[in-house]
Amino acid sequence: MAATLRIQSDWSRALSKDEGEAWLSCRSPGKPTLYGSVTRRGLSSDGVPDIAASEGFVVGEVTKKSILISCPHENVSTKFLAPYTSFSRIHQQSITCLDISSGGGLGVSTSTDGTMKIWQAANGEIRRLLEGHVYDVNCCRFFPSGLVVLSGGMDAQLKIWSAEDASCVVTFKGHKGGILDTAIVDRGRNVLSCSRDGTARLWDCGKSACLGVIADCGSPVNGIAVGTADSSLNLGTPEEPPSEREVGTEGKILLLAREDKKLQGVGLQSRQPVFLFVGSDAFNCCTFLSSTYILAGTQDGNIYQLDVRNTNAPIQVIHRSGAPVLSLHPYRDGFIASQGN
């Protein structure tokens, strides 16, 4: 596996003042970690920071928003990007989940401070406080319209909110444990949830009813994702005709990131298992890169890329650190991953 080059602090803040300093580390599997630092010595005539690195590291291109640093000894380089902007007043403690509306105008987020808020994505101005869950809110996401929010909490309740007036329009009850993740089917007439109780459930928003248990895993389901399956994949046949209230479930596969080290694929309409892959540790999250390729992240820091047509062995396993992989999101031709470090 490749070496990993890191800045061990908020470098954009550390280097925003004269003589500011940030710590560096370069780690290769099986080798001692190399440590160093970068120091700001002032500003150039065009306002770009003058940055120097300690022995063993080399500073390349520097702009007002990025620094390219390399470690020649390990033949690795990384470009570090500063935030485009940051909002420090939305929550008072760590953010646990967030989403941006399809139009990009609004954000919704939950925090360990016990709050769930809707805010302007342009400036961080708080628009709505969504109150109604008991205990922590674990997950939140916008419907495709950008006008409605879906949330799940430790109170085992799934709720739908109006982003316009903060009213809770629907509450779903049926899970026996805290809800850990949600997914929306197509435009949102049906939604999905997974829970510490080991189940994943399909819900009908119009009737406020559970349409069925898609999977009962016997182990907490930490994350789910729904996507269109490759046409060559056998999704199975429903044992009973699907409800007329099911909309958009045909041809879909549901991914389940399970606490018992298993990543499972289930036919959404058929409720039949499609594949079961065993990883190195508990799976925390999963996502689709395409109808063929999927990603899943584990508690011990592995990111597995799999082909749903043949999950006997992963296409690749990416390991940058031993920190838990907490979320994955497709981005352009690759993906973004967040880890617990």
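As the structure is a computational prediction, the values presented were derived from the model and not from experiment. What you see as residue numbers is a count from 1 along each chain, following the sequence as written. With the structure being a predicted model, the display of local features is reserved for residues of pLDDT at least 70 and the display and counting of side-chain atom pairs for 80 or more, all residues being used for whole-chain, interface and lining totals. Side-chain measures here rest on the full set of heavy atoms in the structure, leaving out hydrogens and waters.

So, the overall build of the protein chain
Then step 1. Every helix listed is a DSSP run of H or I at least four residues long, and every strand listed is a run of E at least two residues long, numbered separately from the N terminus. When helices and strands are counted, the protein chain shows 1 helix and 29 strands.
Then step 2. The classification of residues rests on relative accessible area computed with a 1.4 Å probe and restricted to protein chains. Under 20% of the type maximum is buried, over 50% is exposed, and intermediate values are partly exposed. Buried residues in the protein chain amount to 47% of all 341 residues.
Then step 3. We call two residues in contact whenever any of their non-hydrogen atoms come within 4.5 Å of each other. Pairs at least 24 residues apart make up 39% of the contacts formed inside the protein chain by residues separated by at least 6 positions.
Then step 4. Summed over its atoms, the accessible surface of the protein chain is roughly 17000 Å², and 47% of this surface lies on carbon and sulfur atoms.
Then step 5. Only four residue types enter the charge count: Lys and Arg as positive, Asp and Glu as negative, with His and the chain ends excluded. Every charge is mapped to an atom, namely NZ of Lys, CZ of Arg, CG of Asp or CD of Glu. For the protein chain, the distance from the average site of its 32 positive side-chain charges to the average site of its 34 negative ones is 2 Å. Here, Shrake-Rupley sampling with a 1.4 Å probe gives the accessible areas, and only protein chains in the shown set may cover a residue.

Focus: the sheet that holds strand β27 (residues 316-319)
Then step 1. Pairs of strands are assigned from DSSP output, requiring at least two bridges between the strands. Spatially, β24-β25-β26-β27 is the arrangement adopted by the 4 strands of the open sheet, whose pairing is antiparallel. At either end of the open sheet lies a strand with only one pairing partner, and these are β24 (283-288) and β27. The average angle at which neighbouring strand axes cross in this sheet is 20°, direction not considered.
Then step 2. Here β24 runs beside strand β25 (residues 293-298); their pairing, made up of 5 bridges, is antiparallel. Looking across to β25, one finds that phenylalanine 288 is bridged to isoleucine 294. Interaxial angle, 0 to 180 degrees, is taken between N-to-C directions of lines fitted to C-alpha atoms, where a helix line uses only the stretch in contact.

Notes on the domain arrangement of the protein chain
Then step 1. When the domains of the protein chain are assigned, the result is domain 1 (4-81), domain 2 (87-173) and domain 3 (179-340).
Then step 2. Residue ranges for the domains trace back to a domain assignment, done automatically or taken from a database. Averaged C-alpha coordinates put domain 2 and domain 3 at centres separated by 22 Å.
Then step 3. The interface is formed by 17 residues belonging to domain 2 together with 17 residues belonging to domain 3.
Then step 4. Throughout, buried area stands for the accessible area (probe radius 1.4 Å) lost by two parts on being put together, summed over both. Counting the surface domain 2 buries against domain 3, the share from its top three residues, Arg141, Leu158 and Phe172, is 36%.

Considering a nonpolar patch on the surface
Then step 1. Taken together, Ile95, Leu98 and Ile100 make up a surface patch of nonpolar side chains, about 260 Å² in accessible area.
Then step 2. Following the sequence through the fold, leucine 98 ends up in strand β8 (residues 95-100).
Then step 3. By relative accessible area, leucine 98 is classed as partly exposed at 49%. Only residues whose relative accessible area exceeds 30% and that form no salt bridge are eligible for patches; like-charged ones are grouped when within 9 Å, while nonpolar side chains (Val, Leu, Ile, Met, Phe, Trp, Tyr) are grouped when within 5 Å. Basic side-chain nitrogens of Lys or Arg form a salt bridge, by our definition, when they fall within 4 Å of a carboxyl oxygen of Asp or Glu.

Here's the deal with the pairing of strand β17 (residues 190-195)
Then step 1. Counted residue by residue, β17 has 6 buried out of 6 residues, so it is predominantly covered.
Then step 2. Between strand β16 (residues 179-185) and β17, which pair antiparallel in sequence order, lie 4 residues; one of them, aspartate 186, sits at a positive phi of approximately 50°.
Then step 3. The hairpin turn running from β17 into strand β18 (residues 199-204), its antiparallel successor, is 3 residues long, and glycine 198 in that turn takes a positive phi close to 90°.

With respect to the environment of arginine 245
Then step 1. In this structure, arginine 245 sits in the loop between β20 (221-228) and β21 (252-258).
Then step 2. For the pair arginine 245 and alanine 209, spaced 36 residues apart in sequence, the C-alpha separation works out to 9.8 Å.
Then step 3. Contact partners of arginine 245, with chain neighbours within four places excluded, come to Asn190, Asp204, Gly206, Lys207 and Leu211.

Some words on the pattern of salt bridges
Then step 1. Counted under the stated rule, the structure contains 8 salt bridges.
Then step 2. Between arginine 245 and aspartate 204 there is a salt bridge, with its nearest N and O atoms 2.7 Å apart. With arginine 245 in the loop between β20 and β21 and aspartate 204 in strand β18, the pair connects residues that are 41 residues apart, well separated along the chain.
Then step 3. For aspartate 204, a relative accessible area of 3% translates into the label buried.
Then step 4. Here arginine 258 ties to aspartate 260 by a salt bridge, and the two come within 2.7 Å at their closest N and O atoms.
Then step 5. Given a relative accessible area of 7%, arginine 258 falls into the buried group.
Then step 6. Among the residues examined, aspartate 260 registers a relative accessible area of 25% and is labelled partly exposed.

Remarks on the pairing of β8
Then step 1. Sheet analysis places β8 next to strand β9 (residues 106-111), joined by 5 bridges and oriented antiparallel. What sits directly across from isoleucine 95, in β9, is serine 111.

Observations regarding the UniProt feature "repeat: WD" (unreviewed entry) in the protein chain
Then step 1. Per the UniProt record, the feature "repeat: WD" (unreviewed entry) sits at residues 88-129, 130-171 and 172-204.
Then step 2. Taken end to end, residues 130-171 is 0% helix and 52% strand, and its first and last C-alpha atoms sit 13 Å apart.
Then step 3. The annotated region residues 172-204 carries 0% helix and 64% strand content, and the separation between its end C-alpha atoms amounts to 9 Å. UniProt positions are given in the numbering used here, feature names are shortened, and annotations may be inferred rather than shown by experiment.

Digging into the environment of glycine 114
Then step 1. Looking at the element boundaries, glycine 114 is found in the loop between β9 and β10 (116-120).
Then step 2. Separated by 141 residues in the primary sequence, glycine 114 and leucine 255 have C-alpha atoms spaced 28 Å apart.

Focus: the packing of aromatic side chains
Then step 1. To pair, rings of Phe, Tyr and Trp, with the six-membered ring standing in for Trp, must have centres within 6.5 Å; the planes then decide the type, stacked if under 30 degrees apart, edge-to-face if over 60, and tilted in the middle. Summed over all chains, the structure comprises 5 aromatic pairs.
Then step 2. Of the aromatic side chains, those joined through ring pairs into one cluster are Phe277, Phe283 and Tyr304.

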